[in-house]
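A look at the structure
Read off the chains here:
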Amino acid sequence: MDTPIAIAPKNGAANATGEHVGSLSSGAVAPTPICVAEATLGRHLARRLVQAGVSDVFAVPGDFNLTLLDHLIDEPGLRVVGCCNELNAGYAADGYARSRGVGACAVTFTVGGLSVLNAIAGAYSENLPVICIVGGPNSNDYGTNRILHHTIGLPDFSQELRCFQNVTCYQAVVNNLEDAHELIDTAISTALKESKPVYISISCNLPAIPHPTFSREPVPFFLAPRVSNQMGLEAAVEATAEFLNKAVKPVMVGGPKLRVAKAKEAFVELADACGYAMAVMPSAKGFVPEHHPRFIGTYWGAISTAFCAEIVESADAYIFAGPIFNDYSSVGYSLLLKKEKAIIVQPDRVVIANGPAFGCILMKDFLKALAKRLKKNTTAFENYKRIFPKEALRVNVLFKHIQNMLSGDTAVIAETGDSWFNCQKLKLPEGCGYEFQMQYGSIGWSVGATLGYAQAAKDKRVIACIGDGSFQVTAQDVSTMLRCEQNTIIFLINNGGYTIEVEIHDGPYNVIKNWNYTGLVDAIHNGEGKCWTAKVRCEEELKEVIGKATGEKKDCLCFIEVIVHKDDTSKELLEWGSRVSAANSRPPNPQ
């Protein structure tokens, strides 16, 4: 029988995939008593966050959460990072969870909770375990029919809870001490188990009160591991091996759910064993090593990496691991794929062509077992090498230079917009991180996510590519980056508008007020912290500022504004935009 897994202690290292769990030894030490001053609800929550792998909580103070923040601050190993607004705090927790495996934010009741809601919805769509903590009303106010400030003026405290029920996998309303321990532990463990956000509301008058349930150092979380149905696993592997071993030129494509399935290594293990040409969907970029000898790029239909679509779509069999096929990833539902050729592997389910389907099978187990059963077949990759030109295709000048900046010590954050398409063409060195928010596509996400990711991944220098329109939405938290002494490099691409929207449907609303972006960041800097800004208009200037950013200014937050023409967009965005526009404008079906 499998041994349960326990969340690593606060000093344990967590890797960038978030797989920060390990088996406890059988001789685990019993929890030790703690002093009364620390036996409070607030300190218990703080200890649980640290134990789950959280070292930074992104917060915006409000009168309902102030006492709770005091107790979070008092916990060794936990830092409260004050953000400029709740939306950015949520985005930061999202970015942090991508690197660390779990993130947390803390806001105040309703006025703060509804503001952070959009970020939590995005984390839900991306399967990220974010613990959203809200300072709630005084416990004595529940059931009194009173009207509280920060609400919409009704004697109903459940409005915020009802909103969060749609974008979290568990909700805990802690308004008494008796079951606080159980509710908090269930919420955090559910977030880790389901890899989805959870909501915890804690009455503002409770964090400082001691209670016997908090009088000992909490035992580590024990999460019983999910296991595959062994008979189903063997049957699925048998049927899949028979299907793929008959194919002449099979390929494999990694999807975004490789992350939540914790199957990235198993996917590469399968690629090593079978010899298939290996591609990724755009939202899985960075999940597999691009230096792999049979990696052929991003499969994104008509806007795929050069020659990747030809190889995938001409294959007589393809295995997709963890795909999400939406209108964005399918370029307006235009992928030339056939169901009868496909093996679809989801985190706990395998579907072979038009049937059969096998449930209760973990992707990681399936891919590892399948690696032992497939015959080596490099035909598709040989075809790719035959048609791929000798000289690499020329890319946008800016991204050519960004490419040269990448290493295992860097990570790329791509904002929604043309940066999606340009960053997809970057070749990621081994160990280089890469994140973007494709499923939810919330413009402005990258500022908070960059803050959170950089706070979690201290060993990497983050390179963020952000359009001017997106930056205007969430620019304030550059100030939090400076307070946290981060040395991120931000490329602000100034082309005068919402370029991605222009290519879907143009109108005057896509033109924005131009800012002096370097001047804005200089004002935010205000002489406090290490910050360096530059504005570039030509390649020679770009070379010079990149040299400074990676040299004498390597310890600074570097903000580089790149002035480009409003029509200087990637051909991939043009193609994608026209197809998404066509999908959006389909007339109603006949009744």
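Analysis parameters
Residues numbered from 1 in each chain as written. Predicted model: local features only at pLDDT ≥ 70, side-chain atom pairs only at ≥ 80, totals over all residues. Heavy atoms only, no water. Pairing = 2+ DSSP bridges. Helix = DSSP H or I, 4+ residues; strand = E, 2+ residues; numbered from the N terminus. Axes fitted to C-alpha atoms, helices over the stretch in contact; angles between N-to-C directions. Contact = heavy atoms within 4.5 Å. Expected span 1.5 Å × (residues − 1). UniProt positions renumbered as here; feature names shortened; annotations may be inferred.

**Observations concerning the sheet that holds strand E21 (residues 531-536)**
Pairing is parallel across the open sheet formed by six strands, whose spatial order is E18-E17-E19-E20-E22-E21. If you trace the sheet from one side to the other, it starts and ends with strand E18 (433-435) and E21, each paired once. Pairwise comparison of adjacent strand axes, ignoring direction, gives a mean angle of 15° for this sheet. The sheet contact formed by strand E19 (residues 461-467) and strand E20 (residues 489-494) spans five bridges and is parallel. Paired with Gly 467 across the two strands is Ile 493, which belongs to E20. Running over the sheet, helix H18 (residues 517-525) touches E20, E21 and strand E22 (557-563) and is turned about 170° from E21.

**As for helix H6 (residues 180-194)**
Taking 1.5 Å per residue as the helical rise, H6 with its 15 residues ought to reach 21 Å, and the 21 Å between its terminal C-alpha atoms agrees with that figure. Of the residues flanking the end of H6, it is Ser 195, one or two places downstream, whose phi is positive at about 55°.

**Notes on the UniProt feature "domain: Thiamine pyrophosphate enzyme central" (unreviewed entry) in the protein chain**
Residues annotated in UniProt with the feature "domain: Thiamine pyrophosphate enzyme central" (unreviewed entry) correspond here to residues 237-354. For residues 237-354, the helix share is 23%, the strand share is 21%, and the end-to-end C-alpha distance is 16 Å.

**Regarding the sheet that holds strand E15 (residues 349-352)**
With mixed pairing, seven strands are arranged side by side in an open sheet as E12-E11-E10-E13-E14-E15-E16. Because the sheet does not close on itself, it has two edges, and the strands there are strand E12 (295-298) and strand E16 (357-359). On average, adjacent strands in this sheet sit at an angle of 15° to one another, irrespective of strand direction. Inspection of the sheet shows strand E14 (residues 342-346) paired to E15 by four bridges, in the antiparallel sense. Counted as the bridge partner of Gln 346 is Arg 349 from E15. Where helix H10 (residues 363-371) meets the sheet, its contacts fall on strand E13 (318-321), E14 and E15, and the angle it forms with E13 comes to roughly 150°.

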